[in-house]
Amino acid sequence: MMTPNVLARQCLAEFAGTYVLVFFGVGSVHTAVLTGAQHGLWQVAVVWAVAIALAIYATGAVSGAHINPAVTIAFAVFRGFPVRRIVPYILAQVAGAFAGAATLYGLFSGLLRRYELGKELVRGEPASVLSAMCYGEYFPNPGAVGISPEALAAVSPLQAMLAEGIGTAFLAAFVLALSDRRNPNRPGANGAALLIGLTVAICISIVAPLTQAGFNPARDFGPRLFAWLAGWGTVAIPGPRGGFFAVYILSPILGALVGAAAYQFLIRPGHPDPATATEP
């Protein structure tokens, strides 16, 4: 039986891993939006990839480095992760994401005010989604598409849900494949971390113009909650179009379950059982 101290240590690792993910990943969004750094979507995506890989390297040996509620739930359903640990892990992940967002606000608050003044944005009014996007996520991506009625009509709530679900399905399927001992082509532990990060990067490169590419309920909700408290109010929660729960929390969870199930039932049965496999 797991002792409380072990679970606390694992939750601390999940907090730290998600903090790293948000500080560097959401930090790259700050620099891109507020200063014009990270020219191009792929540059932002690569920062996310390295952040995720580093978080896994740093915390994976302690907690498994889920750093994503959708991954935690998928592992509980398909990999025997203890159900009693789901809620503590998710709370730690959201707290880490919130703390990462708070740290970024402490660093970038001056640049945020300068950006809002330059764009004549009043925090909490609908147009302030252009600065709120540094924290929570919106569809379509305000920085890429704009916030006019015509721009908003370009991506429907259903399309946004599908985009987040499909992206997270790929992520969950590849996480299971890269960590599966029955997969003869899996890389070593070090290689898996980098490839998981790159999986997120390639998904960002396709989905980010549509939804800003969350694929992680903690990554969205922790910073979004901070933005709500920091003055964006209803622009942060529930957002100018509403639907943040369906798009950025529910869809990634459902997508992760679909992707994990596809790997578990369609691909994994074709792998040799390590107990019976022979050398070719």
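Just above sits the structure.
This report concerns the structure included in the present document. (Residues numbered from 1 in each chain as written. Predicted model: local features only at pLDDT ≥ 70, side-chain atom pairs only at ≥ 80, totals over all residues. Heavy atoms only, no water.)

1. A word on the pattern of salt bridges
Applying the stated criterion across every chain yields a total of five salt bridges. When the shortest N-O distance is used, the salt bridge between Arg79 and Asp180 registers 3.7 Å. Placement of the pair is Arg79 in the loop between helix H3 (69–78) and helix H4 (86–119) and Asp180 in the loop between helix H8 (157–179) and helix H9 (189–211), with a sequence separation of 101 residues. Residue Arg79 is classed as partly exposed on the basis of its relative accessible area, which comes to 25%. With a shortest N-O distance of 2.8 Å, Asp180 and Arg268 are connected by a salt bridge. Of this pair, Asp180 sits in the loop between H8 and H9 while Arg268 sits in the segment after helix H11 (244–267), and the two are 88 residues apart along the sequence. When salt bridges with common partners are traced through the structure, they connect Arg79, Asp180 and Arg268 into a single cluster. (Salt bridge = Lys/Arg side-chain N within 4 Å of Asp/Glu carboxyl O. Helix = DSSP H or I, 4+ residues; strand = E, 2+ residues; numbered from the N terminus. Buried < 20%, exposed > 50% of the residue type's maximum accessible area, 1.4 Å probe, protein only.)

2. Details of the side chain of Asp180
Relative accessible area serves as the criterion here: at 2%, Asp180 is assigned to the buried category. One polar contact links Asp180 to Arg268, side chain to side chain, over a distance of 2.8 Å. Contacts of Asp180, omitting those with residues within four sequence positions, involve Arg79, Arg186, Tyr263, Arg268 and His271. (Polar contact = N/O pair within 3.5 Å; in protein donor to acceptor, adjacent residues only side chain to side chain. Contact = heavy atoms within 4.5 Å.)

3. Observations concerning the packing of helix H1 (residues 4–35) against helix H2 (residues 41–63)
Look at H1 against H2: their axes get within 9 Å of each other, and the N-to-C directions meet at 170 degrees. Judged on the interaxial angle alone, H2 and H1 are roughly antiparallel. Considered class by class, the residues forming the contact of H1 with H2 number 15 nonpolar, six polar and two charged. (Axes fitted to C-alpha atoms, helices over the stretch in contact; angles between N-to-C directions. Parallel < 35°, antiparallel > 145°, perpendicular 65-115°, else oblique. Nonpolar A, V, L, I, M, F, W, Y, C, P; charged D, E, K, R; others polar.)

4. Remarks on the packing of aromatic side chains
Per the counting criterion, the structure on display carries 11 aromatic pairs. Consider the rings of Tyr135 and Phe226, whose centres lie 5.9 Å apart with planes at 40 degrees: the pair is tilted. Of this pair, Tyr135 sits in the loop between helix H5 (129–132) and helix H6 (142–145) while Phe226 sits in helix H10 (residues 217–232), placing them 91 residues apart in sequence. Each of the two residues, Tyr135 as well as Phe226, counts as buried. Look at Phe221 and Phe244: their rings are 6.3 Å apart centre to centre, the planes differ by 10 degrees, and that puts the pair in the stacked class. Within this pair, whereas Phe221 is found in helix H10, its partner Phe244 is found in helix H11, the two being separated by 23 residues in sequence. Residue Phe244 is classed as buried on the basis of its relative accessible area, which comes to 12%. Three or more aromatic residues joined by ring pairs form one cluster here, namely Phe98, Tyr105, Tyr135, Phe226 and Trp232. (Phe/Tyr/Trp six-rings, centres within 6.5 Å; stacked < 30°, edge-to-face > 60°.)

5. Quick look at the environment of Gly110
Tracing the sequence through the fold places Gly110 in helix H4. Distance in space between the C-alpha atoms of Gly110 and Ile196 is 34 Å, their sequence separation being 86 residues.

6. Regarding the environment of Asn183
Positionally, Asn183 belongs in the loop between H8 and H9. For the pair formed by Asn183 and Val46, sequence separation is 137 residues and the distance between their alpha carbons is 26 Å. Leave out the neighbours within four places in its chain, and Asn183 touches Ala177, Tyr263 and His271.

7. Details of a nonpolar patch on the surface
There is a patch of nonpolar side chains on the surface, built from Trp42, Val46, Val50, Leu54, Tyr57, Leu194, Leu195, Leu198 and Ile202 and spanning about 760 Å² of accessible area. Sorting elements by how many residues they give to the nonpolar patch places H2 first, with five residues. We classify Val46 as partly exposed; its relative accessible area is 30%. (Patch = residues over 30% accessible without salt bridge, like charges linked within 9 Å, V, L, I, M, F, W, Y side chains within 5 Å. Areas by Shrake-Rupley, 256 points an atom, 1.4 Å probe, with all protein chains shown as cover.)

In short, shape yes, function no, at least from these values alone.
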